[in-house]
Amino acid sequence: MVSLRDARRDRGWSQTTAVARLRELAERGQVDVASAASLKTQLSRWENGTVPDEPYRTLLAELYERELGDLGIDVTPHWERSHEIPELLVEIRDELRTLNELLRGRGGS
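These remarks concern the structure in this document. (Residues numbered from 1 in each chain as written. Predicted model: local features only at pLDDT ≥ 70, side-chain atom pairs only at ≥ 80, totals over all residues. Heavy atoms only, no water.)

## Considering a negative patch on the surface
Moving on, step 1. Together, Glu-84, Glu-87, Glu-91 and Glu-95 make up a region of like negative charge exposed at the surface.
Moving on, step 2. In this fold, Glu-95 is placed in helix α5 (residues 84-107). (Patch = residues over 30% accessible without salt bridge, like charges linked within 9 Å, V, L, I, M, F, W, Y side chains within 5 Å. Areas by Shrake-Rupley, 256 points an atom, 1.4 Å probe, with all protein chains shown as cover. Salt bridge = Lys/Arg side-chain N within 4 Å of Asp/Glu carboxyl O. Lys, Arg positive; Asp, Glu negative; His and termini not counted. Charge placed at Lys NZ, Arg CZ, Asp CG, Glu CD. Helix = DSSP H or I, 4+ residues; strand = E, 2+ residues; numbered from the N terminus.)

## Remarks on the packing of helix α2 (residues 15-28) against helix α3 (residues 36-47)
Moving on, step 1. α3 packs onto α2 with a crossing angle of 115° between their chain directions and a minimal axis gap of 9 Å. Relative to α3, the element α2 lies roughly perpendicular. The handedness of the crossing between α2 and α3 is right-handed. On the side of α2, the interface is formed by Gln-15, Thr-16, Ala-18, Val-19, Leu-22 and Arg-23, while α3 contributes Ala-36, Leu-39, Lys-40, Leu-43, Ser-44, Trp-46 and Glu-47. (Axes fitted to C-alpha atoms, helices over the stretch in contact; angles between N-to-C directions. Parallel < 35°, antiparallel > 145°, perpendicular 65-115°, else oblique. Left-handed = near helix turned anticlockwise from the far one by under 90°. Contact = heavy atoms within 4.5 Å.)

## Examining the nonpolar core
Moving on, step 1. Grouped together as the largest cluster of nonpolar side chains are 21 residues, with contacts concentrated most on Trp-46, Leu-60 and Tyr-64.
Moving on, step 2. When contributions to this core are tallied by element, the ones reaching two or more residues are α1 (4-10), α2, α3 and α4 (56-64).
Moving on, step 3. Considering every element that reaches this core, the biggest residue donor is α4, with six residues.
Moving on, step 4. Filtering out sequence-adjacent residues up to four positions away, Tyr-64 remains in contact with Leu-4, Ala-7, Arg-8, Arg-11, Trp-13, Ala-18, Leu-43 and Leu-71. (Core = buried A, V, L, I, M, F, W, Y, C linked by side-chain atoms within 4.5 Å. Buried < 20%, exposed > 50% of the residue type's maximum accessible area, 1.4 Å probe, protein only.)

## Digging into the packing of α3 against α4
Think of two packed helices as two axes; the pair is described by the angle between the axes and how far apart they sit.
Moving on, step 1. Relative orientation of the contacting elements α3 and α4 amounts to 80°, with a least axis distance of 13 Å. Comparing the axis directions of α3 and α4 gives the class roughly perpendicular. Note on element contacts: α4 touches α3 through Tyr-56, Leu-60 and Tyr-64, opposite Leu-39, Leu-43 and Trp-46.
Moving on, step 2. Considered class by class, the residues forming the contact of α3 with α4 number six nonpolar, no polar and no charged. (Nonpolar A, V, L, I, M, F, W, Y, C, P; charged D, E, K, R; others polar.)

Limitation: the analysis is restricted to geometry and does not speak to function.
Now the structure itself:
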């Protein structure tokens, strides 16, 4: 797995070049995309962890010739991750108890 940034750099592209190529792909596929300036901002966000929406996911996979998962883009629907919520709630509860005990200890000093 590589990041979007790494995939771009592996090709020796600047963000401006990647955006131009992304727009070319979109034009060939007759897909509406944002302006070059907006797309450059979006690319920066995606490279920093924001998950792109469609049609950008498909375009990025095509641009870098990789699967989305190979680009570090997790597109698992939230309902498929819902099993994690109970475990997270237990962790939060335990952390709150610990924090509460620490705060009570300070108040008694």
